[in-house]
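Coordinate inspection notes
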Amino acid sequence: FARPHPLLIYICVAMVIHVREALLAGDFTDCMGTLQHFPPVPVEELLQVAFRLRASDLTPVGAGPAPHAKGQHSASQQQQKQQQQKQ
């Protein structure tokens, strides 16, 4: 099992995910403004995302496929395929 990081890290990542589109669309000044004056978001929503992220870190490697969009693979799956092709 992977050792999880402190919950605070997952909450911070959940916050960035929440404003992802604004960060991608803005320039440096816009991004800093968004992060310094964070828009309102229900705490429960952030905690749900944080717990989900943390749970994915607690899942044993090889325990089953991660929920990815159709046609997308995780980095570890891509590495496994590359290793199999080399053999």
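Everything quoted here is computed from the prediction, not taken from an experiment.

Some points on the overall build of the protein
For the protein, the helix and strand inventory stands at 5 helices and 0 strands. Written out in order from the N terminus, the α and β elements of the protein read α-α-α-α-α. Expressed as a percentage of the 87 residues in the protein, the buried residues total 13%. In the protein, the share of contacts with a sequence separation of at least 24, taken over all contacts with a separation of at least 6, comes to 61%. As displayed, the protein has an accessible area near 7300 Å², and 59% of this comes from carbon and sulfur atoms.

Some words on helix H4 (residues 43–58)
The first and last C-alpha atoms of H4 sit 22 Å apart over 16 residues, in line with the 22 Å expected at 1.5 Å per residue. Against helix H1 (7–18) lie the buried residues of H4.

Some words on the nonpolar core
Residues Tyr10, Ala14, Val41, Leu46, Val49 and Ala50 constitute the largest nonpolar core, which totals 6 residues. Every residue in contact with Val41, bar those within four places of it in the chain, is listed here: His18 and Leu46.

Topic: the pattern of salt bridges
Between side chains of opposite charge, pairing is possible as soon as their charged atoms come close. Per the counting criterion, the structure on display carries 1 salt bridge. A salt bridge links Glu21 to Arg20; the nearest nitrogen and oxygen atoms lie 3.0 Å apart. Assessed through its relative accessible area of 45%, Arg20 is described here as partly exposed.

Points about the confidence of the model for the protein
In this model, the protein carries an average pLDDT of 80, and 63% of its residues clear a pLDDT of 70 or more. Across residues 68–74, confidence stays below pLDDT 50; counting only partners more than four residues off in sequence or on other chains, it has 4 contacts.

Observations regarding a nonpolar patch on the surface
Taken together, the side chains of Ile9, Val13 and Ile17 define a hydrophobic patch exposed on the protein surface, amounting to about 230 Å² of accessible area. With respect to the secondary-structure elements, Ile17 resides in helix H1. Residue class for Ile17 comes out partly exposed when judged on its relative accessible area of 43%.

Remarks on the side chain of Thr34
Within the secondary structure, Thr34 sits in helix H3 (residues 28–36). The class for Thr34 is buried, based on a relative accessible area of 18%. Those residues within four positions of Thr34 in sequence are excluded, and the remaining contacts are Val19, Ala22, Leu23 and Pro39.

Comments concerning the environment of His5
You can see His5 is positioned in the segment before H1. Put simply, His5 and Arg54 are 49 residues apart on the chain and 7.7 Å apart in space, counted from C-alpha to C-alpha.

About the criteria used
Every chain's residues receive numbers from 1 upward, in the order its sequence appears when written. The predicted nature of this model means local features are confined to residues of pLDDT at least 70 and side-chain atom pairs, given and counted, to a pLDDT of 80 or more, with totals for whole chains, interfaces and linings taken over all residues. No hydrogens and no water enter the side-chain calculation; it runs on all heavy atoms of the structure. Here a strand is any run of E in DSSP of at least two residues, a helix any run of H or I of at least four, and the numbering for each starts at the N terminus. Each residue is assigned to one of three classes by its accessible area relative to the maximum for its type, calculated with a 1.4 Å probe on protein chains only: buried under 20%, partly exposed between the two thresholds, exposed over 50%. Contacts are assigned to residue pairs that have any heavy atoms within 4.5 Å of one another. Each accessible area is a Shrake-Rupley estimate made with a 1.4 Å probe; only the visible protein chains count as cover when residues are assessed. Expected helix span is computed as 1.5 Å times (number of residues minus one). Residue types Ala, Val, Leu, Ile, Met, Phe, Trp, Tyr and Cys, when buried and joined through side-chain atoms within 4.5 Å, form a set referred to as a nonpolar core. Salt bridge, as used here: a side-chain nitrogen of Lys or Arg that lies within 4 Å of a carboxyl oxygen of Asp or Glu. Scored from 0 to 100, pLDDT reflects the predictor's confidence in each residue. Note on patches: the residues involved have over 30% relative accessible area and no salt bridge, like charges join within 9 Å, and the nonpolar side chains Val, Leu, Ile, Met, Phe, Trp and Tyr join within 5 Å.

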